[in-house]
Amino acid sequence: MSTLNPPSSSSDTEDLSLQLIDESKTYNPQTFSYFKDLNIEKCGLNYHIVSVFGSQSTGKSTLLNALFGTRFDVMNEIQRRQTTKGIWMALAKSASPQLLKSSLASDASASSASTSTPNILVLDVEGTDGRERGEDQDFERKSALFALATSEVLIVNMWESQVGLYQGANMGLLKTVFEVNLTLFQNASTKPNRSRILFVIRDHIGTTPLANLQATVVADLKRIWESLSKPPPAANTNLEDFFDLQFYALPHKILMPEQFSASTAQLSQYFTDASSSSYVFNPEYHRGVPIDGWPIYSEKIWEQIEDNKDLDLPTQQILVARFRCEEIAAQAWVTFETGLAEAQKATNSGLGGPKVVEGFGRMIESIRSGTLDIFDSLASRYEKSVYRSKRADLLNKVDTRLANLYKAQLLALHKKAVAIFNNAVSASTKEESKSIPFIDVLRKARSDALDFFVSSATEASVDPHVFIHTDELSNLEAELDDAETKAKRQEIKKISAKILKKIKSTLFNDLEGYFQSPEEDTWDKVLTFFNNTIQFAVSSATKLPTDKNGLVDGSKAPDFGVGASPEENEQSIFRIRSEAWIALDTRLKEIIKEDNILLRLRENFEDLFRYDDNGVPLVWKAGDDIEAPYLKAREQALKILPVYSNAVTKSGQPIIPDVDLEKYYAEHLEDSGDFVVENSAFSTRLSVNRQQEITKKFKKQADAAYVEAKRSTTQVFSR
Ligand code: GDP
Ligand code: MG
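Residues numbered from 1 in each chain as written. Chains lettered and ligands numbered in written order. Predicted model: local features only at pLDDT ≥ 70, side-chain atom pairs only at ≥ 80, totals over all residues. Heavy atoms only, no water.

For the rest of this paragraph, the subject is unusual backbone geometry. The phi dihedral of Asn-39 is positive, around 55°, even though this residue is not glycine. Judged by relative accessible area, which is 30%, Asn-39 ranks as partly exposed. (Buried < 20%, exposed > 50% of the residue type's maximum accessible area, 1.4 Å probe, protein only.)

This part is about the packing of aromatic side chains. Enumeration according to the criterion identifies 25 aromatic pairs in this entry. Arranged with centres 5.5 Å apart and planes meeting at 40°, the rings of Phe-178 and Phe-243 form a pair that is tilted. Of this pair, Phe-178 sits in helix α6 (residues 169–187) while Phe-243 sits in strand β8 (residues 243–249), and the two are 65 residues apart along the sequence. Each of the two residues, Phe-178 as well as Phe-243, counts as buried. Between Phe-199 and Phe-247, the aromatic rings sit 4.9 Å apart at their centres with planes inclined by 10°, giving stacked as the arrangement. In this pair, Phe-199 sits in strand β7 (residues 195–202) while Phe-247 sits in strand β8, placing the two residues 48 residues apart along the sequence. Neither residue differs from the other here; Phe-199 and Phe-247 are each classed as buried. Taken together, the ring pairs in this structure connect Phe-605, Phe-609, Tyr-630, Phe-698 and Tyr-706 into an aromatic cluster. Its end group placed over the ring of Phe-574, Lys-663 keeps NZ or CZ at 4.3 Å from the ring centre. (Phe/Tyr/Trp six-rings, centres within 6.5 Å; stacked < 30°, edge-to-face > 60°. Helix = DSSP H or I, 4+ residues; strand = E, 2+ residues; numbered from the N terminus. Lys NZ or Arg CZ within 6 Å of the ring centre and 35° of its normal.)

With that settled, consider a negative patch on the surface. On the surface, a cluster of negative charge is made up of Asp-660, Glu-662, Glu-667 and Glu-678. Within the secondary structure, Glu-662 is located in helix α20 (residues 661–667). (Patch = residues over 30% accessible without salt bridge, like charges linked within 9 Å, V, L, I, M, F, W, Y side chains within 5 Å. Areas by Shrake-Rupley, 256 points an atom, 1.4 Å probe, with all protein chains shown as cover. Salt bridge = Lys/Arg side-chain N within 4 Å of Asp/Glu carboxyl O. Lys, Arg positive; Asp, Glu negative; His and termini not counted. Charge placed at Lys NZ, Arg CZ, Asp CG, Glu CD.)

Below, the discussion takes up the pairing of strand β3 (residues 47–54). Burial analysis of β3 places eight of its eight residues in the buried class, the great majority of the element. Going residue by residue along β3, you find Tyr-47, Ile-49, Ser-51 and Phe-53 tucked away on one face and His-48, Val-50, Val-52 and Gly-54 tucked away on the opposite face as well. Direction of pairing for β3 relative to strand β5 (residues 119–125): parallel, over a ladder of six bridges. Within the sheet, the bridge partner assigned to Ser-51 lies in β5 and is Leu-123. Note that β3 and strand β6 (residues 153–159) share five bridges and pair parallel. Paired with Gly-54 across the strands is Asn-157, a residue of β6. (Pairing = 2+ DSSP bridges.)

Moving on: the pattern of salt bridges. It is possible for side chains bearing opposite charge to pair when their charged atoms get close. With the rule as written, the count across this model stands at 34 salt bridges. Across the salt bridge formed by Asp-448 and Lys-444, the nearest N and O atoms sit 2.8 Å from each other. Here the residue Asp-448 and the residue Lys-444 both occupy positions in helix α13 (residues 438–460), the gap between them amounting to four residues, near one helical turn. A relative accessible area of 52% places Lys-444 in the exposed class. Across the pair Arg-600 and Glu-603 runs a salt bridge, and its minimum N-O distance is 3.9 Å. One end of the pair is Arg-600 and the other is Glu-603, both in helix α17 (residues 594–610) and three residues apart, which spans about a single turn. For Glu-603, a relative accessible area of 37% puts it in the partly exposed group.

To continue, consider helix α11 (residues 360–379). The end-to-end C-alpha distance of α11 is 28 Å, a good match for the 28 Å that 20 residues give at a rise of 1.5 Å each. Among the residues of α11, those classed as buried are Phe-360, Gly-361, Met-363, Ile-364, Ile-367, Arg-368, Thr-371, Leu-372, Phe-375, Asp-376, Leu-378 and Ala-379. In this structure, the buried residues of α11 make contact with α10 (313–347), α12 (384–430) and α13. (Expected span 1.5 Å × (residues − 1). Contact = heavy atoms within 4.5 Å.)

The next subject is the packing of α12 against helix α14 (residues 470–510). Remark: α12 packs on α14, axes separated minimally by 11 Å, with the N-to-C direction vectors making an angle of 20°. Considering the angle they form, α12 stands roughly parallel to α14. In this structure, the crossing between α12 and α14 has a hand that is right-handed. Seen from α12, the contacting residues are Lys-407, Leu-410, His-414, Ala-417, Val-418, Phe-421, Asn-422, Val-425 and Thr-429; seen from α14, they are Glu-472, Asn-475, Leu-476, Glu-479, Leu-480, Ala-483, Glu-484, Ala-487, Glu-491 and Lys-494. Considered class by class, the residues forming the contact of α12 with α14 number nine nonpolar, four polar and six charged. (Axes fitted to C-alpha atoms, helices over the stretch in contact; angles between N-to-C directions. Parallel < 35°, antiparallel > 145°, perpendicular 65-115°, else oblique. Left-handed = near helix turned anticlockwise from the far one by under 90°. Nonpolar A, V, L, I, M, F, W, Y, C, P; charged D, E, K, R; others polar.)

Here we come to the packing of helix α15 (residues 522–541) against helix α16 (residues 566–591). At their nearest, the axes of α15 and α16 sit 11 Å apart, and the two run at 140° to each other. Of the possible angle classes, the one that applies to α15 and α16 is oblique. With respect to the hand of their crossing, α15 and α16 are arranged in right-handed fashion. In this structure, α15 uses Trp-523, Leu-527, Phe-530, Asn-531, Ile-534 and Val-538 to contact α16, whose residues at the interface are Ile-573, Ile-576, Arg-577, Ala-580, Trp-581, Leu-584 and Leu-588. Per-class residue counts for the contact of α15 with α16 are 11 nonpolar, one polar and one charged.

Any functional reading would require information that these geometric values do not contain.
And the structure:
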């Protein structure tokens, strides 16, 4: 037997009815897809469940079809056999087709769905035959329990002729309904929901007014209620504590078809016209299970009933809430992951690292709220504590993943902040006219970099308690400290290079002059010149540090104005002085060269030997004593050699560099080149051997002058 009726030839799912529970008491697993196809999950709690009870073949299915436009199977007039087996379900459509359609639209928002006419789901329950058959009694009890656990309105369908037949099938059925309601009460932590029982009296002839029929039924019901043995919590309860009763009479369908259809049309208004005093629904009847959770709710309920377990509806509702909230969270998670993947793509620089994304915060906020919106739209209708806790779980999961993305973004922001700093520094040092002091450039570059980082990181954070950047900020500060130190060092290096250039060029231009006519105090002068040169070059590019009173503090090294520490300033001055001494050494080596010295010795010698005191050239005559002046001039000329050879002050102090060059070389290995200058060896400009060699060479040249002088007297003589 098909579980869907009519078979799938009908295109509209809402026309189909579903066999929810079949005759072998199996719950139909297709219920889930049936609900999906109905596409009514957005209506949340805005729906109703109605079920019908009654003896077999009393026109129940006919009634439902007439009231709700459903298409439940109806007994064929000729065969007269029972058609409805188990429990069938269908979606009402007759009430207000247009409104119903609009609330079925797949993208109808939850709010519009909840303001539109509620969907009515109708349960057609297999009828009882009134016989005391074990099998039937079991199903009757179970279906009654099921209907009570799910339905807001129970329609009890009976012939007028059955009214007052206390022993009839209907009364047996109602007794069962009351009994199972009491068991629900006994097991539940709270009082079960009230429900409405709507008695529909069929084939009402009219001779007995409905009020009289009603009074008879109510009297019977009260009798039944009294006869029940009640569990202690229900001991003093009345029928009215659990059920609202309502009555309606219908004329004979076959004999009075027009009246019948007019009457059913009027009754159907009871289900749709909320303003009517006969409106059957009441919020307190609702089981509180959002419609998307109804399949799982009904399945669990049936499972419990089938296993003869005690039914505790509130517990079931919590279980369903948990189950559904998890399912909905999983659904939201799928959307989240898609959004996350897109965001990951957007933040990927393609170079193996994250990149800075404008509006990163807005981007992740929309992923986050989009995910929560999906969850909230369905889950918010479930039990509040379950909903809140599942929402917190979901948000936590979402935030954990987003936090990773945020961290990656912070990394990109960090890189960019460092670049902002470095660019500002290098741009300022490129400018030839430095209008802004370097120290201010650094300060501004640093605050620009930090401002950028903090404001971007704050924008990128959608929850200041979850997305935090304190660690990253201190990392950045540490890196900026390093970059600043490096920048200062480089700036000092540049200033130092300029100072040294000045020193070297002064040495190149002016040092040689001191060695034109070396004297006793030549090295005193050289030393003074050298120190002044350094002093001048350094002071033109630095400032002397001042104490707190604004007075120059002579005990400290000059300041390079880049915000370096006194130690660093000291260090740089040491370096400049060391390199100045090395430059001095180099320049001295160029000046104090053998050829230069020989030339100077010869010039000296010739001045003495070939000129008189007035600078007039001497002309030797025959018989002149040449040898004595020659020896004297030679000796006199050689007196300048020790001045060249030893850098010693007039007072006899050898000149030693006032910086530790050994230390300098140790610190600047890369600058040491092929040979090094030693402090102790500095004053020895020419070794004894070299002096002897020079003396020898000079003497030879002097001798030649002597011989020539001698020859000239001889020539005069011989003439
Ligand atoms: P169900 O078993 O209670 O669902 O009854 P059905 O709806 O299948 O109807 C059983 C039989 O009763 C069918 O042959 C119907 O034509 C007939 N029937 C339906 N409505 C009425 C009615 O108002 N009065 C009478 N006498 N028969 C009806
Ligand atoms: Mg039927």
